[in-house]
Amino acid sequence: ATPTALLVGTGRGAQLGILIKGPQVLESTRRVDTIVLDKTGTVTTGSMTLATVMAISCSSEVELLGFAGSAENGSEHPIAAAIVAGARAQVGELPVAESFGSEQGLGVSAVVDGHLVVVGRAQWLAEAWSIALPVELSAVLGVAEANGETAVVVAWDGKARGVLGVSDVVKPTSAAAIARFRELGLRPILLTGDNEVVARAVAAVVGIDEVTAGVLPAGKAEIIRRLQAEGAVVAMVGDGVNDAVALATADLGIAMGTGTDVAIEASDLTLVRSDLLAAADAIRLARSTLGTIK
Ligand code: ADP
Ligand code: MG
């Protein structure tokens, strides 16, 4: 009798826009008591737009955007898409970059017109490239972050030249979904590679009070393991390449339908419409389906 009931559950799941990897997934879905949410592309739309452009130590904003846009052209990250689009709008055609490289959750590097360009987290530029952030730029970075923007530093020839800030939008259903998770007795936690200030701003908007920010991709899985060691049964919701290991580590991995293939492959459930409300539906459905079987 059990398989029939489970198949009903998975069929209903498909109607709700939830793809389930197999009936065995319903058991972990039912037991989940903690839900860890990636920020960019999961709680927010991840379709970012360029908001702040501050150029110093270079000839113009156009020059800054040309170098940054060209270097970011090889990256699939939402930050890169925003910078490339913003740069194209102001610069026109971007120079072709060579020797592109990227470090997950940190930034990109490339050679543009013979100059080695690096774009990414201020701390990464300092530690990996020995590029210090002058006070004027660190002030601009602070203001952009206080406004809820994700801010990155642009450098070339070993010198920081400017700051770019991109802004993201919280998905319209995220706050309602968090409220739904709480009704289901789940503990929501926001987990992001982005900085603390931006993460707190998003968390406040959607009603999450536990935030772990500035986490590198490997660190995301580590956080999940720590929660599990404390006895939590953890669902992780994410979309990015940087979420894949955490999604596979969680008791229940939930991918956004708009997410990267690696995130979807690493997960047990996929939300077709990338709407967090469907994750709440999945958990409610699993509980009621298994309740019927007992
Ligand atoms: P999230 O966990 O919110 O999805 P990520 O781990 O992907 O964030 O990225 C964390 C941080 O790494 C970003 O906020 C940014 O500072 C930096 N970063 C990542 N990718 C890029 C990129 N392509 N260009 C510049 N900075 C980047
Ligand atoms: Mg993400």
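- For the protein, the name recorded in an unreviewed UniProt entry is Cation-transporting P-type ATPase B, with Cryobacterium psychrophilum as its organism.

1. Things to note about the overall build of the protein
Reasoning step 1: Along the backbone of the protein there are 13 helices and 13 strands.
Reasoning step 2: A compact globule built from 294 residues should have a C-alpha radius of gyration of about 19 Å, and the protein, at 21 Å, falls within 12% of that.
Reasoning step 3: Viewed in the frame of its principal axes, the protein has a C-alpha envelope of about 70 × 30 × 30 Å.
Reasoning step 4: Counting only residues that meet the buried cut, the protein has 50% of its 294 residues in that class.

2. Description of the sheet that holds strand β8 (residues 159-167)
Reasoning step 1: Spatial ordering of the open sheet is given by β3-β8-β7-β6-β5-β4, a layout of 6 strands whose pairing is antiparallel. With partners counted over all chains shown, the strands left at the sheet margins are β3 (49-55) and β4 (97-103), one partner each. On average, adjacent strands in this sheet sit at an angle of 20 degrees to one another, irrespective of strand direction.
Reasoning step 2: The pairing of strand β5 (residues 107-112) with strand β6 (residues 115-120) spans 6 bridges and is antiparallel. Within the sheet, the bridge partner assigned to V112 lies in β6 and is H115.

3. Focus: the environment of I178
Reasoning step 1: Within the secondary structure, I178 sits in helix α8 (residues 174-183).
Reasoning step 2: Note: C-alpha distance between I178 and I189 (11 residues apart in sequence) is 9.8 Å.
Reasoning step 3: Setting aside chain neighbours within four positions, we find I178 in contact with P188, V206, G207 and I208.

4. What about the site of ligand 1?
Reasoning step 1: Neighbouring ligand 1 are 22 residues; T40, S75, H77, G105 and G193 lie closest to it.
Reasoning step 2: Across the shell around ligand 1, the residue classes break down as 6 nonpolar, 11 polar and 5 charged.
Reasoning step 3: No fewer than three residues from each of domain 1 (2-45 + 169-293) and domain 2 (49-167) sit in the shell around ligand 1.

5. What to know about the nonpolar core
For soluble globular proteins, the rule of thumb is that nonpolar side chains tend to be buried together.
Reasoning step 1: In terms of nonpolar packing, the biggest core is built from 51 residues, with L190, A235, M236, I254 and A279 touching the most fellow members.
Reasoning step 2: For this core, the element with the most residues is helix α13 (residues 276-293), which contributes 8 residues.
Reasoning step 3: The residues touching A235, leaving out its near neighbours within four places in the chain, are V32, I35, A250, D251, L252 and I254.
Reasoning step 4: The next biggest cluster of nonpolar side chains, apart from the first, holds 39 residues, and it includes A55, A68, L125 and A144.

About the criteria used
- Residues numbered from 1 in each chain as written.
- Chains lettered and ligands numbered in written order.
- Predicted model: local features only at pLDDT ≥ 70, side-chain atom pairs only at ≥ 80, totals over all residues.
- Helix = DSSP H or I, 4+ residues; strand = E, 2+ residues; numbered from the N terminus.
- Rg over C-alpha atoms; globule rule 2.2 N^0.38 Å.
- Buried ≥ 20, exposed ≤ 12 C-beta atoms within 10 Å, placed from the backbone.
- Pairing = 2+ DSSP bridges.
- Axes fitted to C-alpha atoms, helices over the stretch in contact; angles between N-to-C directions.
- Contact = placed C-beta atoms within 7 Å.
- Near = placed C-beta within 6 Å.
- Nonpolar A, V, L, I, M, F, W, Y, C, P; charged D, E, K, R; others polar.
- Domains from an automatic or database assignment.
- Core = buried A, V, L, I, M, F, W, Y, C linked by C-beta atoms within 7 Å.

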